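# A closer look at the structure
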Amino acid sequence: MAGSGSPDVVDVSYDNPDQPRLGLEVMSFATLRERLVPSVAGAPSRPDFHQLTLVTGGEGTALIDFVGYPCGPGTLLHVRPGQVQRFPAGPQGGIADLDATLVVFTPAFPPPVPAAAAVIDEGLSPAAFSLSALEYRAVSVAVAEIAAEYATLDEQDAAQAELTVELLRQLLAALLLRIARLPQPGAWSPAAGGEVFRAFRGELERAFATRRSAAQYAARLGYSPRTLTRACLAATGRTAKDLIDDRVALEAKRLLVHTGLPVASVGRMLGFTEPTNFGKFFERTVGATPGAFRATER
């Protein structure tokens, strides 16, 4: 991991010092603590890679996109590219003393497995799971397999390493599928939305700043507005318009808290030509004015 960016939020790019050309790394939480420079450890950070953390011991609280997640044995955290996090903190405010294994990987590293898309996609998927004993055993075995194969790379010749990298990609896909099988919060059931919902998720992430109506997304994807909304309701219990508004509001919160941009500029970046319209949208969606939210969260 390599950090850069403004004092408000640190952009962290993928950097594997042991295997520079590999889009995956496995490390302990202790190794992460040693590697982090103070400017990254003490600030909100935004990675350009996926970060899975399986906690086996210790306690702390992680903050991911303004939501706090208690961490203890059996917690699985997933920070996605573009999400803003604070590393799990202990009772005294510093980085928590956790026993945990991290699997970090670039968006391009997993093989294209459609059923795993709900886990990989940013913005809508859960950021934390509290695993049952059975779920924990299954996930920990999958993580241990990845860690064991990763550890052999230094001892292999080029031909063996090539095979191991392919095996790592498949093992990661298996882990993502195990995560996709975990019980989802509330009415969340991405598979129930089928291909319509999967296509909408991808298009929403690409176009939320410029495309605001469900009808526009439906036309872009070649479905009727009714078909799109039915798929979103089946997958999440929320309409397509609700999900569009949620994604725009999330980006607005990130920009308000983690940049010094004026409120009007934040609104313009998200497609609002009038500051008053942005203010009304934000207050309706978030429950506070943009200025009040910024003052509370910073």
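For every chain, the first residue of the written sequence is number 1, and numbering continues from 1 onward in sequence order. The predicted origin of the model limits local features to residues at a pLDDT of at least 70 and limits the giving and counting of side-chain atom pairs to 80 or more, whereas totals for whole chains, interfaces and linings rest on all residues. No hydrogens and no water enter the side-chain calculation; it runs on all heavy atoms of the structure.

Cavities and pockets were defined on a 1 Å grid built from protein atoms only: a cavity is a group of points that admits a 1.4 Å probe but offers it no way out, a pocket is an open group of points flanked by protein on both sides within 12 Å along at least five of seven lines, and a lining residue is one with an atom within 4 Å of any such point. Grid points are joined across faces, edges and corners, and a volume is the space filled by probe spheres set on the points. Considering all chains together, one arrives at one cavity of 30 Å³ or more under this definition. Of the voids in this model, the largest cavity is the one considered here, and its volume is about 50 Å³. Every residue along the wall of the largest cavity is listed here: Phe29, Gln51, Thr53, Ala62, Ile64, Leu77, Val79, Gln85, Arg86 and Pro88. For helices the rule is a DSSP run of H or I covering at least 4 residues; for strands it is a run of E covering at least 2, with both sets numbered from the N terminus onward. Elements with a contribution of two residues or more to the lining of the largest cavity: strand 5 (50-57), strand 6 (60-64), strand 8 (75-79) and strand 9 (85-89).

Next up on the list: the pattern of salt bridges. Between Lys or Arg on one side and Asp or Glu on the other, a salt bridge is scored when a side-chain nitrogen of the former is within 4 Å of a carboxyl oxygen of the latter. Counting across every chain of the model gives 15 salt bridges. The salt bridge involving Arg206 is made with Glu203; its shortest N-O contact spans 2.9 Å. One end of the pair, Arg206, and the other, Glu203, are both in helix 6 (residues 194-207), three residues apart, so they sit about a helical turn from each other. Taking the shortest distance from any N to any O, the salt bridge between Asp245 and Arg284 comes out at 3.7 Å. Placement of Asp245 in helix 9 (residues 240-258) and of Arg284 in helix 11 (residues 275-286) is noted, with a sequence separation of 39 residues between them. Think of it in three bands: with a 1.4 Å probe and only protein chains considered, a residue is buried below 20% of the maximum accessible area for its type, exposed above 50%, and partly exposed in between. Classification of Asp245 by relative accessible area gives buried; the value is 6%.

Locating Gln85 in the fold gives a position in strand 9. Overall, the relative accessible area of 4% leaves Gln85 in the buried class. For Gln85, the side chain forms a polar contact with the side chain of Gln51, separated by 3.3 Å. Once residues within four sequence positions are removed from consideration, Gln85 is found in contact with Ala43, Pro44, Ser45, Pro47, Gln51, Leu63, Ile64 and Val79. Nitrogen and oxygen atoms within 3.5 Å of one another constitute a polar contact, given that in protein one can donate a hydrogen and the other can accept it, and given that sequence-neighbouring residues count only through two side-chain atoms. Pairs of residues are marked as contacts when any of their non-hydrogen atoms sit within 4.5 Å.

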